[in-house]
Amino acid sequence: MTVVISSGSEGIVYVTKPSPAARERIVAGAADMISRRGLNATSIREMAKHARAPLGSTYHYFPEGKQQLATEAVRYTGEWVARRLRKELQAGPVAGLQAFLALWRKIVVDSDFRAGCPVLAVSIEEPPTDETPPAVVAAADVFTEWESLLSASLREHGVGREEAAQLATLVVAAVEGTVAMCRAKRSIEPLDRAAEQLRTLILATIKD
């Protein structure tokens, strides 16, 4: 956001103030870029360009550089999906499953099989050092949150704690894996096949 500070003989003086909308646009752009190219193959300059943001502004919001931006992109994606899950799971685990599947189906199809899940993309790449990067830690937290939301819904519908946890892990793993398969095959069929089997499994497991 640019605001006028003063005007006079030296002309109009402008200053750029931090804008939550601008920061979120950069984070969303980074998530999209990572979902298409992965993290190691993407520079912070390319992330900024993809988000149509000046490189200087990007470093202003993310002074620690690429890893900080990637971490925020993973968290952004995680919460974006979690919000959808929380809403749809109010109608039960099957509705939550269908929303989870529909979300990734739309991303894959709308991108012509070029985009997948940035959380998965960050998770499978080799870290630049022996230490676990913060983006990978964030990815683990995101997967755990998605599993927890699905598991809690299953328990609310009569499924035992351990079985619910196992089924929730299966759902997340199956969807993430078939999204990658869809991109490789340039076909939505793997996701649709998994969708049918997961729905059948959940229906056979819930008690109401």
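I will try to describe carefully the structure that is included in this document.

Rules used throughout
- Residues numbered from 1 in each chain as written.
- Predicted model: local features only at pLDDT ≥ 70, side-chain atom pairs only at ≥ 80, totals over all residues.
- Heavy atoms only, no water.
- Salt bridge = Lys/Arg side-chain N within 4 Å of Asp/Glu carboxyl O.
- Helix = DSSP H or I, 4+ residues; strand = E, 2+ residues; numbered from the N terminus.
- Buried < 20%, exposed > 50% of the residue type's maximum accessible area, 1.4 Å probe, protein only.
- Expected span 1.5 Å × (residues − 1).
- Contact = heavy atoms within 4.5 Å.
- Arc of directions from axis to C-beta.
- Disulfide = S-S within 2.5 Å.
- Axes fitted to C-alpha atoms, helices over the stretch in contact; angles between N-to-C directions.
- Left-handed = near helix turned anticlockwise from the far one by under 90°.
- Nonpolar A, V, L, I, M, F, W, Y, C, P; charged D, E, K, R; others polar.
- Core = buried A, V, L, I, M, F, W, Y, C linked by side-chain atoms within 4.5 Å.

### Observations concerning the pattern of salt bridges
Working step 1: Inspection of the entire model under this criterion finds 12 salt bridges.
Working step 2: A salt bridge links Arg75 to Glu72, with the nearest nitrogen and oxygen atoms 3.3 Å apart. With Arg75 and Glu72 both in helix H4 (residues 66–89) and 3 residues apart, the pair spans about one turn of that helix.
Working step 3: A relative accessible area of 47% places Arg75 in the partly exposed class.
Working step 4: Across the pair Lys106 and Asp110 runs a salt bridge whose closest N-O atoms are separated by 2.7 Å. Of this pair, Lys106 and Asp110 are both found in helix H5 (residues 93–110), 4 residues apart, which corresponds to roughly one turn of the helix. One exposure class covers both Lys106 and Asp110, and it is exposed.

### Observations regarding helix H7 (residues 134–156)
Working step 1: The terminal C-alpha atoms of H7 lie 33 Å apart, and with 23 residues this matches the ideal 33 Å at 1.5 Å per residue to within 8%.
Working step 2: For H7, the elements touching its buried residues are H4, H5, helix H6 (118–124), helix H8 (161–185) and helix H9 (189–205).
Working step 3: Backbone geometry just after H7 places Gly158 at a positive phi near 90°.

### Considerations on H9
Working step 1: Spanning 17 residues, H9 covers 25 Å between terminal C-alpha atoms, matching the ideal 24 Å at 1.5 Å per step.
Working step 2: Pro190, Leu191, Ala194, Ala195, Leu198, Ile202 and Thr205 are the residues of H9 that are buried. Along the long axis of H9, the arc covered by the buried residues comes to 130°, so they all point the same way. Within H9, the exposed residues directed more than 90 degrees away from the buried face are Arg193, Gln197 and Ala204.
Working step 3: For H9, the secondary structure elements touched by its buried residues are H5, H7 and H8.

### Observations regarding the state of the cysteines
Working step 1: Considering all chains together, one arrives at 0 disulfides under this definition.
Working step 2: You can see Cys117 has no disulfide; the closest cysteine sulfur is in Cys182, sitting 13 Å from it.

### Brief notes about the environment of Ser148
Working step 1: Note on placement: Ser148 falls in helix H7.
Working step 2: Overall, Ser148 belongs to the partly exposed group, its relative accessible area being 41%.
Working step 3: C-alpha of Ser148 to C-alpha of Val122: the two residues are 26 residues apart in sequence and 20 Å apart in space.

### Thoughts on the packing of H4 against H5
Working step 1: Where H4 contacts H5, the axes come no closer than 8 Å and their chain directions differ by 140°. Crossing of H4 over H5 shows right-handed handedness. Note on element contacts: H5 touches H4 through Pro93, Ala95, Gly96, Ala99, Phe100, Leu103, Trp104 and Ile107, opposite Thr77, Trp80, Val81, Arg84, Leu85, Glu88 and Leu89.
Working step 2: In the contact of H4 with H5, the residues fall into 11 nonpolar, 2 polar and 2 charged.

### A look at the nonpolar core
Working step 1: Ranked by internal contacts, the top residues of the largest apolar core, which has 60 residues, are Trp104, Trp146 and Val175.
Working step 2: Breaking this core down by element, the ones donating at least two residues are helix H1 (20–37), helix H2 (44–50), H4, H5, H6, H7, H8 and H9.
Working step 3: Each residue touching Trp104, except ones within four places of it in the same chain, is listed here: Thr77, Val81, Gly116, Cys117, Trp146, Val175, Glu176, Val179 and Leu191.

That is the geometry; function is a separate question.
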